[in-house]
Every structure is written in C-alpha cells, then in structure tokens.
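Residues per chain are reported as follows:
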Amino acid sequence: MKHAILTTIFCVFAVTGAMAQEADQAHGTLNPDEMTWQSMLQRAEQGKTGMVLCSMGYALTKSGDHGSARTLFRNCANDGYTGAMTWMSQLDGNGLGAAYNPDAAAEWDRRAAELGDPVGKFNYGIALMRGHGVAQDEALGQQLVDEAALEGLKVAQRLQNASYDLDEVTPDADNWRYTPLF
C-alpha cells in the first residue's frame, strides 16, 4: 500500500513538473531576471532597446565598462535615441572602448543634431567650428550653437556670451587635439 501511494505521489510530481516545463516553453521564462547588468547586456546583444535599457549605458560607461556601454548605446542610437548618439560621440571622441575616432564622433553628433537634439547641435557645431572630424565651417557651427542656445542649452548660451571663444567651454590643454590635420 505504501508503495502504491509513493508511486502515485511520484507520478503526480513528475506530471506536474513536466506540465510546468511545458508552460515555461509555451509562455516564456517565468519570473525572468530583469534588472541585472547581465540581463541588460544580454538584451543589448540581442539588439533590443528601450528607454531603461538605453539609460544603462551611462552607468556602464561610468563604471569603466566602455565596451558594453558601446553595445548598448550603438543599438539605441541606431534606433533613434539621440542621447545615445551623443554618448557614442563621447566614446569615439575620447577613444573609450575603441580607437579614438573624431570622424565617427562628429558623425554621431551630426545625426543627433539632424534629429533636433540640442546637445548634438552644440557638439556638432563645435566640431564644425574647429574642423575636427568634419570639414571646417565656422558659420554653420555657430548657427548650430545658436539653435542649441535658443533651445535652452546653458553651455551653448555660455559659448555665445563668450563670442564663440572655444576655450570658454573646453580646456585649452586640449587644443593640441583639435588642430586640423589637413
């Protein structure tokens, strides 16, 4: 009798376990790992984006994991998140997680500017004024800085008030970097 009861209990557990496994396969993972770095990076590697996921790139960059931040920001930038575009520019412009690439940095800022992002306008404006990563065009650069200032970007207003003296917004110790190479 004990043997029959144990066998019945075992069968019930086996069937219940199989049903739960089928339910997981049919309905996805129950109670998935959602807010860990690993889950964020896994989603980024799958090409997924979203506001929360894209914001994780900032924390990754600040923690020094520039390679992972680049994966997140690149996906988000390619999906139209302008903040991610300006972060990609920052990473490329400083050689973080990849080789220093002023051309790529300017291109990310150009894309953000074209989508109306004031930080993208400001950054691309400065790149144009310097001729850094893009052909020099001071007039267009100042126009973009003016647009960013009109949209309320304080650093753009500061640059306007300094008569577009770039030393006002970047340290003069960086001037060696911005000398045109052509």
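Undergrad: I'm lost on the nonpolar core in this one. Help?
TA: Most often, soluble globular proteins keep nonpolar side chains buried together rather than apart. The biggest cluster of nonpolar side chains holds 18 residues, and the ones touching the most others in it are Leu 72 and Phe 73. Every element with two or more residues in this core is listed here: helix 2 (37-45), helix 3 (51-62), helix 4 (66-78), helix 5 (82-94) and helix 6 (102-114). Sorting elements by how many residues they give to this core places helix 4 first, with five residues. Contact partners of Phe 73, with chain neighbours within four places excluded, come to Cys 54, Gly 57, Tyr 58, Thr 61, Ala 84, Trp 87, Met 88 and Leu 91. Of all hydrophobic cores here, the second largest spans 11 residues; its members include Val 145, Ala 148, Ala 149 and Leu 159.

Undergrad: Teacher, can you tell me more about the side chain of Ser 68 here?
TA: In this structure, Ser 68 sits in helix 4. Taking relative accessible area as the criterion, Ser 68 reaches 16% and is therefore assigned buried. Polar side-chain contacts of Ser 68 include one of 2.9 Å to the side chain of Asp 65. When sequence neighbours within four positions are dropped, the list of residues in contact with Ser 68 reads Leu 41 and Leu 60.

Undergrad: Would you mind showing me how to read the packing of aromatic side chains here?
TA: What describes a pair of aromatic rings is the distance from one ring centre to the other and the angle between the planes of the rings. According to the stated counting rule, one finds two aromatic pairs in the structure shown. With centroids separated by 5.5 Å and ring planes inclined at 75°, the aromatic side chains of Tyr 58 and Trp 87 adopt a geometry described as edge-to-face. Residue Tyr 58 is found in helix 3, and its partner Trp 87 is found in helix 5; the two are separated by 29 residues along the sequence. A ring pair is formed by Phe 73 and Trp 87, whose centres lie 5.6 Å apart and whose planes are at 10°; its orientation type is stacked. Of this pair, Phe 73 sits in helix 4 while Trp 87 sits in helix 5; the two residues are 14 residues apart in sequence, bridging distant segments of the chain. The class for Phe 73 is buried, based on a relative accessible area of 3%. Exposure remark for Trp 87: the relative accessible area of 21% places this residue in the partly exposed category. An aromatic cluster is present here, built from Tyr 58, Phe 73 and Trp 87 joined pairwise through their rings.

Definitions and cut-offs
Residues numbered from 1 in each chain as written. Predicted model: local features only at pLDDT ≥ 70, side-chain atom pairs only at ≥ 80, totals over all residues. Heavy atoms only, no water. Core = buried A, V, L, I, M, F, W, Y, C linked by side-chain atoms within 4.5 Å. Buried < 20%, exposed > 50% of the residue type's maximum accessible area, 1.4 Å probe, protein only. Helix = DSSP H or I, 4+ residues; strand = E, 2+ residues; numbered from the N terminus. Contact = heavy atoms within 4.5 Å. Polar contact = N/O pair within 3.5 Å; in protein donor to acceptor, adjacent residues only side chain to side chain. Phe/Tyr/Trp six-rings, centres within 6.5 Å; stacked < 30°, edge-to-face > 60°.

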